[in-house]
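Descriptive analysis of the structure
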Amino acid sequence: MPELAELRLTADYVNKSANGLKFVNIKKNPVHKGKDIEVPFKFFRISAESRGKELMLTLSDNDSSEKRHLLMTMGMSGHFAHTNTGGEKKHSHLMFAEKDGTTLSFVDVRRFGKWKWVDDWSPNRGPDPTTEYDAFTDNIIHNLDKAAFNHPIHTVLMNQSYFNGIGNYLRAEILYRLPHINPFASARDILRREPDIFVLCRDIPLQAYALGGGQLKDWESPFSTDPEPLRKFMRCYGNPNMSKRKDKNGRMFWYDSKWDEDALWDHYSGLPNPSAYM
DNA sequence: CGTCCACGTCTAC
DNA sequence: TAGACCTGGACGG
């Protein structure tokens, strides 16, 4: 998806676009299998906040203090676009129409994004490493005995119960910046002994955010930004000079080729390299 | 034409 | 731990 940085940019975009506007309804594209959305307010305001890879939209009644919360995920390609009503982009699936002729649309080519009414963030996802850093580190440190940490660090970094917001490009960039850490070594051991990794789980997403997010193939930054700084930031993910291997969940993991021997152990034995556990 | 690949979850054997 | 869910771009024949 869109990972942590892109979710936060998406929240910024919604807040900027919806600022001062009175919305009147939400229409769903019938091709999408998601639920229809009926808002019980005549006019409502919209604001947004992100936490890891989730986006919370708050719909506030213009004429009372009532609110409703719509929790969204962006899948692999979801983003928002503010256009004239009637001029929505292709693959718009939720269209928030405003009273003066514009529409804020959730655009999602692959339709992996989802939405639902909620009262709170999803309980099975951990704290945001950038906005709730202390809760993020505590949640990991206090659960290191759990089976979730019986895996190499490169797979555990994708576990949203502990690393909410870290996705495939962020894990590659985080681990690449820790040259002394074997990405195929035990997550439990690494997290116990290398506090640097917590700091990078905060700072690398913050850097990506500051640079305007991942303008990769399926995700378009809602803000026009210079792609060059982000290209420089992306040192490992997608770099043809790096090694790559499918992880146990079928996702391509990009890493420094100096770890190729350890990767082979991981691949052929189905067990982590014993030397990685010393 | 076809096959492979993509910033992510889900759920069903 | 495979698939399923989707569209579309890149690349091969």
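For every chain, the first residue of the written sequence is number 1, and numbering continues from 1 along that sequence. Following the order in which they are written, the chains are lettered starting with A and the ligands numbered starting with 1. Side-chain atom pairs in this predicted model are given and counted only at pLDDT of 80 or more, local residue features only at pLDDT of at least 70, and totals for whole chains, interfaces and linings cover all residues. Hydrogen atoms and water are omitted, and side-chain values are computed over all heavy atoms in the structure.

**Digging into the protein's contact with DNA strand C**
Definition in use: Nearness of a residue to a molecule or strand requires only that one of the residue's heavy atoms be within 4 Å of it. A 3.5 Å cut-off defines polar contacts: any pair of N or O atoms within that distance qualifies, except that in protein one atom must be a possible hydrogen donor and the other a possible acceptor, and neighbouring residues in sequence count only when both atoms are side-chain atoms. Note on residue classes: Ala, Val, Leu, Ile, Met, Phe, Trp, Tyr, Cys and Pro are nonpolar, Asp, Glu, Lys and Arg are charged, and everything else, Gly too, is polar.
Near DNA strand C, the surroundings consist of eight residues, among which Lys33, His91, Val109, Arg110 and Arg111 are the closest. Among atoms of DNA strand C positioned within 4 Å of the protein, sugar and phosphate together represent 59%. A distance of 2.6 Å is found between a phosphate oxygen of DNA strand C and a side-chain nitrogen or oxygen belonging to Arg111. Classifying every residue of the surface near DNA strand C gives two nonpolar, one polar and five charged.

**Observations regarding the state of the cysteines**
Heads up, the rule is: Throughout, disulfides are identified as pairs of cysteine sulfur atoms within 2.5 Å of each other. Residue burial is assigned from relative accessible area. The probe radius is 1.4 Å, only protein chains are included, and a residue is buried under 20% of its type maximum, exposed over 50%, and partly exposed in between.
Summed over all chains, the structure comprises zero disulfides. With no disulfide of its own, Cys201 lies closest to Cys236 among cysteine sulfurs, the gap being 15 Å. The buried category is assigned to Cys201, whose relative accessible area is 0%.

**Considerations on the side chain of Glu6**
We count it as follows: For the purposes of this entry, the term helix denotes a DSSP run of H or I that reaches at least four residues, the term strand denotes a run of E that reaches at least two, and both are numbered from the N terminus.
Here Glu6 is to be found in helix H1 (residues 4-18). In terms of polar contacts, Glu6 uses its side chain to reach the backbone amide nitrogen of Glu3, at 2.8 Å.

**Looking at the packing of aromatic side chains**
To keep it simple, the criterion reads: Between 30 and 60 degrees the pair is tilted, below 30 it is stacked and above 60 it is edge-to-face, where a pair is any two Phe, Tyr or Trp rings, Trp via its six-membered ring, whose centres lie within 6.5 Å. Here, over-ring charges are defined by two tests on the NZ atom of lysine or the CZ atom of arginine: distance to the ring centre within 6 Å, and angle to the ring normal within 35 degrees.
Evaluation of the coordinates by the stated rule reveals 13 aromatic pairs. Each residue in the set Phe80, Phe96, Phe106 and Trp115 is aromatic and connected to the rest through ring pairs, giving one cluster. Its end group placed over the ring of Tyr209, Arg8 keeps NZ or CZ at 4.6 Å from the ring centre. The ring of Tyr133 is capped by Arg202, whose NZ or CZ atom sits 4.5 Å from the centre of that ring.

**Brief notes about the pattern of salt bridges**
Our working rule: By definition, a salt bridge exists where a carboxyl oxygen of Asp or Glu is found within 4 Å of a side-chain nitrogen of Lys or Arg.
Scanning the model with the defined rule gives seven salt bridges in all. With a shortest N-O distance of 2.9 Å, Arg171 and Asp247 are connected by a salt bridge. With Arg171 in helix H4 (residues 168-176) and Asp247 in the loop between strand E9 (243-246) and strand E10 (252-255), this residue pair connects regions lying 76 residues apart in the sequence. A salt bridge links Arg231 to Glu228, with the shortest nitrogen-to-oxygen separation between them at 2.8 Å. Of this pair, Arg231 and Glu228 both sit in helix H7 (residues 227-233), three residues apart, roughly one helical turn. For Arg231, a relative accessible area of 55% translates into the label exposed. Note on Glu228: relative accessible area 33%, which makes it partly exposed.

**Let's talk about the packing of H1 against helix H6 (residues 196-210)**
Put simply, the rule is: Note on method: axes are straight lines fitted to C-alpha atoms, helices fitted across the in-contact stretch only, with angles between N-to-C directions ranging 0 to 180 degrees. Note that the term roughly parallel is reserved for angles under 35 degrees, roughly antiparallel for angles over 145, roughly perpendicular for angles of 65 to 115, and oblique for everything else. Handedness of a helix crossing follows the sense of rotation of the near helix relative to the far helix, less than a right angle counterclockwise being left-handed and clockwise being right-handed. Here, two residues are considered to be in contact whenever any of their heavy atoms come within 4.5 Å of each other.
Put simply, H1 and H6 touch, their axes get as near as 8 Å, and they point 45° apart. Judged on the interaxial angle alone, H6 and H1 are oblique. You can see that H1 and H6 cross each other, and the crossing is right-handed. On H6, the residues touching Leu4, Ala5, Arg8, Leu9 and Asp12 of H1 are Pro205, Leu206, Ala208 and Tyr209. Here the contact of H1 with H6 is built from residues that sort into seven nonpolar, no polar and two charged.

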